[in-house]
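# Close look at the chain arrangement
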Amino acid sequence: MEFLAKLIVFLPLVGFLIAGLAGRQIGDKASMIVTSGLVSIAGLASWFVFGEVALLGNVAPTIHVLNWVDSGTLSFDWAFKIDTLTAVMLVVVNTVSALVHWYSMGYMEDDPHKPRFFAYLSLFTFAMLMLVTSDNLVQMFFGWEGVGLASYLLIGFWYKKPSANAAAIKAFVVNRVGDFGFALGIYAVFLLVGSVEIDVIFARIGDYETATLSFLGHEYHAITVIALLLFVGAMGKSAQLGLHTWLPDAMEGPTPVSALIHAATMVTAGVFLVARFSPVFELSPVALMVVTYVGAATALFAASVALVQNDIKRVIAYSTCSQLGYMFVALGVSAYGGAIFHLFTHAFFKALLFLGAGSVIHAMHHEQDMRKMGGIKNKIPLTYIVMIIGTLAITGMPGLSGYFSKDLIIEAAYAATTPGAEFAFVMVITAALMTSFYSWRLIFMTFHGQTRADNDTFDHAHEGPWTIKLPLLLLAVGAVFAGWFYKGSFIGDVRFTFWNGSLATSAGDIMDQAHHVPAAVIWSPFVAMVLGFALAYYFYMRGSDIAKRTAETWDGLYAFLLNKWYFDELYNLIFVRPAFWLGRVFWKRGDEDTIDGFGPNGVSGLVAGVAARVRKLQTGYVYHYAFAMIIGLAIAVTWFMAQSGAH
Amino acid sequence: MFFGENYLLSLMMLAPVIGSAIILFIRHKDAEIENRNVRSVALFTTLITFFMGLDLWAGFDNSTAEFQFVEKFQWFGDISYYLGVDGISVLFVLLTAFLMPIVILASWESIGKRVKEYMIAFLVLEALMIGVFTALDIFLFYVFFEGGLIPMYLLIGVWGGVNRIYASFKFFLYTLLGSVLMLVAVLYMYFQSGTTDIPALMMYDFDVDVQSWLWLAFFASFAVKMPMWPVHTWLPDAHVQAPTGGSVILAGVLLKMGGYGFLRFSLPMLPEASVEFSWLIFTLSIIAIIYTSLVALVQEDIKKLIAYSSVAHMGFVTIGIFLFNTNGIEGAIFTMLSHGVVSGALFLCVGVIYDRLHTREISRYGGLAVNMKIYAVTFVLFSLASVGLPGTSGFVGEFLVLNGSFAYSSWITFLAATGVILGAAYMLYLVRRLIFGELDKDDVRAMPDLSLREKLIFAPLVAVVLWMGIYPNSFLDPMHVSVQALLETHFPVETTHAATIDTSSAVVGR
């Protein structure tokens, strides 16, 4: 197991180093095969570990790799902790990563920088694996920032595009705001329990249930402070309301990147973090309430924006944002298993939708605007079918994966009596309606009706090579069966042995209550789904201009949604521009006018005579300076020598 | 009269002096050959010194707080030639010896005039810098500390850019002002205690009232050297005008003298005053971090941007030192070492493109990732280290300082950590303008990628940055005992902690 765990984590690193350092020497083909092959091996090994740890319950002891930092009482290592939660993440990360690697071989066919692209993908995979396997908060932070780096590099992969560069910086800096909270959380944890190792924290946290902590001059419930600070980190990575602005812009990156990083894996790191620290969050009702509210608000906000977007990738990006909100709602009402289950199923159907969208974009000569698509379902039938499967899965068609996980969250929100749960129930039901609408809207606008593409593009639309098709098919299988197959383990009766203590679960908890809600609640997501479908059909399939007229009637609301609630404009106004303005003021008014004005320039004005004479000297030889300086020093030294002699 | 087992420290200082003496006598009618010989001797000398530095590191005993490699030789009066290193200073000696060969190599082609004098200035500077970190006599320290000004002043004034006179004058004025005040304090301490021995002075109890004055006098000197806000404005000018090698040493080593001074003098000799004035340090440091980070954001000159970022990074150092806890001080020392390597490397990166295009204006570049691939990777790596990405050297020090500060006051952590966000903003903004974007300028397109010599310069720096980030214990281990001794002797355990954490339950179990 120890060997296997190291293999899983380090093989992608090896791939990164080979493709990154020697990519140009070994060539495109070899770089692609090596990286994809290594990640695929890691993927197979992950399933084995999943079976061993999660299904058979053979939890491995912590695997120590290397000491990292020892300073005073603070000490942490490079080490892996493989429990069920980690095993689930390993499977998700490596499976999607391997499929995306293969898919990219086809998708990036014409790109001149293939080794670099595959190196970045493998680097990302490595960082993500370090994150999910970490046995301490700091290594998790390493992975946390590592995936941020990989995301930065991949969003800005086409670095000649100004928009891609801007999006890359935005992603990194906004994530840093989240990381800022995460880091403070780590310091607070260390101050409270005296360790950053996860096992030690859990062992000791119970002793501090009522402890208070002084934060920014006030006394607060210590565990609440910690949980909320960690949650700020989670909000950044998982693009929750307020720190979500980077995710839609991140669509500037190549589409396989969006599927891997910005849908299936990295953005779920925040969910993972909260789930990992569920024993801590359980001790803070306030933190759980905040998680519920933020998650619910995000679910609705993002779904509302997705209703009107025209870029196919942005629709899916906001959809991701919204689905992450669902997961946080589940976490907020303590349905941790439900959250991870949705993370698991979502990885399949969302990666499927993104890669499907990539296939569409590939077929349409890199056109992403749905207003210039339409009517291509017969051109790319396989893509069409898998996209339908993905849409059915996300909207919660009974039997498909999303049905089991999403409906559970909705039911849990209804069953929960914690503060915010009622609000969350209303939000997620409404969001479910919207989800169905925007998902079908995407299908109808892209595949149905008369084409709006130009003739040339339309005529040449075709399916990609097998490297594109095979991952789509495999993900489609996952999107159909993952829910049905694993529902017993993740959220069913065997969940206690399955999670095996890696999540805070107990008999009679919210997950049990969620299975016993009124029939009306159980049926409500289904109704929302059908209603959304019907509306989308009515708006976009009847060939009428009803969508256009609605937008015109409600032009204010339409603009509000189209402009994403004006978050970017707001942040630009209150953060970005003031920062540059302040910088300029500090520089010109502060440094140059005030400090230098009164300081050296003022003084040198006084001694202008001296300076003039100095200037004469400067025309001379280097020895002159040295001589003058040494004389000066010698005088000083002699002076205190003499003084010391007198003493 | 000599004490101690060997003369390694003296040899480390002597080697560059001998090297410069040899250079002085190199003559050849062909200037080209003469310069080549001069460079070779300088490189050889610094390499020898570096190997001695490695020997010092290898021979250093991590388990004692006592000074090691001690040499003591009575000079005149009470002043002695007294050298030694402990866990606080040994790595600074190593840092100096490590950077010097790199600097010589970096100046290989870019310095064409007065090569001889240039190399001599650097070698003398190396001897003086090693002297600063090893001197255990306070007057000896003062001589080295001030002596270091001279070659640096010359390097800027002679081999600098267009505005070099103004810059070197400003540099000199600022540092001299601080030095004079320090000299007064040194003299007072000597008259008061009757000794110039630093270890003895560290044990001497100065009167609390006097401590404040002495502390302020030292502060004037060290704050300028760091530099701390608001006496930092000499640094951007000095960097902009200095030749590449000068910038590397200035950022890499000279700035560390301030932090080292605080640790060697202010803390152990004036502990009460240090505690008393820690609020001042924190305030100035936090202003420095936020203020200079914002200023760095709007810079149009690459060197100025990196210079301002140095001021911000030094803010973390001063915070760490005055936390009086293990994480803080070890983090501060580590940050200094890391910054020495990383900012040195960044200035070298600037030097590479400056040598090709002869401008430091950011907007004149762009799209370097297209034609200078290896350079682009190198630059991005050092930028990330500067931003403090975990896995690079920049992370460990800042993390330790901030962790230490949280125990002291979460306000400090909160405000200082905003610098981490701003740091990412200004550094990545720089990367975007230099490295990424369209390669649309013909003269930029003509720039070749790194030469073999340049790769040789960067390879060890890359290795060290990653080593320090992945296995920092190699560098933390030598510090532990000395830092512990400093804290236990002068700042009895946790008193400062308990004073600011006014809740009993919050620190239960610690």
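All values derive from a computational prediction rather than experimental measurement.

Summing up its helical and strand segments, chain A has 28 helices and 4 strands in all. Taken over the C-alpha atoms alone, chain A extends approximately 100 × 65 × 55 Å along its principal axes. With 647 residues in all, chain A has 62% of them scored as buried. Carbon and sulfur atoms make up 67% of the accessible area of chain A, which totals about 23,100 Å².

Attention now moves to a nonpolar patch on the surface. Residue and element names in this part refer to chain B. Nonpolar side chains collect at one region of the surface, where Tyr 7, Leu 11, Leu 14, Val 17, Ile 18 and Ile 22 lie side by side and expose about 520 Å² of accessible area between them. Topologically, Val 17 is positioned in helix 1 (residues 8–24). With relative accessibility at 41%, the residue Val 17 sits in the partly exposed group.

Turning next to the interface of chain A and chain B. Contact residues are listed per partner, giving 80 residues for chain A and 93 residues for chain B. Carbon and sulfur atoms supply 72% of the area that chain A and chain B bury against each other, a total of about 7,900 Å² over both sides. Put simply, chain A and chain B have 12 residue pairs in polar contact (both at pLDDT 80 or more) between them. Elements that contribute at least two residues to the side of chain A that touches chain B include exactly strand 1 (63–71), strand 2 (74–80), helix 4 (137–155), helix 5 (162–193), strand 3 (212–215), helix 25 (567–598), helix 26 (600–606) and helix 28 (622–646) of chain A. Looking at the side of chain A that touches chain B element by element, the count peaks at 16 residues for helix 5 of chain A. Counted by class, the side of chain A that touches chain B contains 52 nonpolar, 18 polar and 10 charged residues.

Attention shifts here to the pairing of strand 3 of chain A. Residues and elements named next belong to chain A. Where strand 3 and strand 4 (residues 218–221) come together, 4 bridges link them in antiparallel fashion. Counted as the bridge partner of Thr 212 is His 221 from strand 4. Connecting the antiparallel pair strand 3 and strand 4 is a turn made up of 2 residues, with Leu 216 showing a positive phi of about 50 degrees.

A few words on the packing of aromatic side chains. The way to describe two aromatic rings as a pair is by their centre distance and the angle between their planes. Under the counting rule described, the total for this entry stands at 95 aromatic pairs over all chains. Judged by centre distance (4.9 Å) and plane angle (75 degrees), the rings of Trp 144 of chain A and Phe 182 of chain A are edge-to-face. With Trp 144 of chain A in helix 4 and Phe 182 of chain A in helix 5, the pair connects residues that are 38 residues apart, well separated along the chain. In this pair, the class of Trp 144 of chain A matches that of Phe 182 of chain A, namely buried. Arranged with centres 5.9 Å apart and planes meeting at 40 degrees, the rings of Phe 50 of chain B and Phe 51 of chain B form a pair that is tilted. Positioned above the aromatic ring of Phe 458 of chain A is the side chain of Lys 379 of chain A, whose terminal nitrogen or guanidinium carbon lies 5.1 Å from the ring centre. Cation over ring: Arg 433 of chain B sits above Tyr 429 of chain B, and NZ or CZ is 3.8 Å from the ring centre.

What follows covers the environment of Phe 277 of chain B. All names here are of chain B. Within the secondary structure, Phe 277 is located in the loop between helix 12 (271–276) and helix 13 (278–297). Overall, the relative accessible area of 11% leaves Phe 277 in the buried class. The sequence separation of Phe 277 and Tyr 429 amounts to 152 residues, and the corresponding C-alpha distance is 36 Å. Contact partners of Phe 277, with chain neighbours within four places excluded, come to Ser 212, Trp 215 and Leu 216.

Low-pLDDT stretches of the model should not have their predicted coordinates read in fine detail. Averaged over chain A, the pLDDT score is 87; the fraction of residues at 70 or greater is 92%. In the model, residues 619–623 of chain A has pLDDT below 50 throughout and makes 6 contacts with residues more than four positions away in sequence or in other chains.

Let us now look at the pairing of strand 1 of chain A. Residues and elements named next belong to chain A. One ladder, built from 7 bridges, connects strand 1 with strand 2; its direction is antiparallel. Bridged to His 64 within strand 2 is Ala 79. In sequence, strand 1 turns back onto strand 2 through a hairpin of 2 residues, with Gly 72 there showing a positive phi of about 60 degrees.

With that settled, consider unusual backbone geometry. Residue and element names in this part refer to chain B. Of the consecutive residues Met 226 and Pro 227, the connecting peptide bond is found in the cis state with omega at -10 degrees. Relative to the helices and strands, Pro 227 resides in the loop between helix 9 (208–225) and helix 10 (234–241). Residue Pro 230 is bonded to the preceding Trp 229 through a cis peptide linkage, with omega at 5 degrees. The residue Pro 230 is located in the loop between helix 9 and helix 10 in this model.

Right, let's talk about the packing of helix 4 (residues 115–134) of chain B against helix 5 (residues 138–147) of chain B for a bit. When two helices pack together, their arrangement is captured by the angle between the axes and the distance separating the axes. Residues and elements named next belong to chain B. Where helix 4 meets helix 5, the closest approach of the two axes is 8 Å, and the angle between their N-to-C directions is 145 degrees. Between helix 4 and helix 5 lies a crossing of left-handed hand. On helix 5, the residues that touch Leu 128, Gly 131 and Val 132 of helix 4 are Phe 141, Phe 144, Phe 145 and Gly 147. Looking at side-chain class alone, the contact of helix 4 with helix 5 contains 5 nonpolar, 2 polar and no charged residues.

Conventions we followed
Residues numbered from 1 in each chain as written. Chains lettered and ligands numbered in written order. Predicted model: local features only at pLDDT ≥ 70, side-chain atom pairs only at ≥ 80, totals over all residues. Heavy atoms only, no water. Helix = DSSP H or I, 4+ residues; strand = E, 2+ residues; numbered from the N terminus. Buried < 20%, exposed > 50% of the residue type's maximum accessible area, 1.4 Å probe, protein only. Areas by Shrake-Rupley, 256 points an atom, 1.4 Å probe, with all protein chains shown as cover. Patch = residues over 30% accessible without salt bridge, like charges linked within 9 Å, V, L, I, M, F, W, Y side chains within 5 Å. Salt bridge = Lys/Arg side-chain N within 4 Å of Asp/Glu carboxyl O. Contact = heavy atoms within 4.5 Å. Buried area = accessible area lost by both parts, 1.4 Å probe. Polar contact = N/O pair within 3.5 Å; in protein donor to acceptor, adjacent residues only side chain to side chain. Nonpolar A, V, L, I, M, F, W, Y, C, P; charged D, E, K, R; others polar. Pairing = 2+ DSSP bridges. Phe/Tyr/Trp six-rings, centres within 6.5 Å; stacked < 30°, edge-to-face > 60°. Lys NZ or Arg CZ within 6 Å of the ring centre and 35° of its normal. pLDDT = per-residue confidence, 0-100. Axes fitted to C-alpha atoms, helices over the stretch in contact; angles between N-to-C directions. Left-handed = near helix turned anticlockwise from the far one by under 90°.

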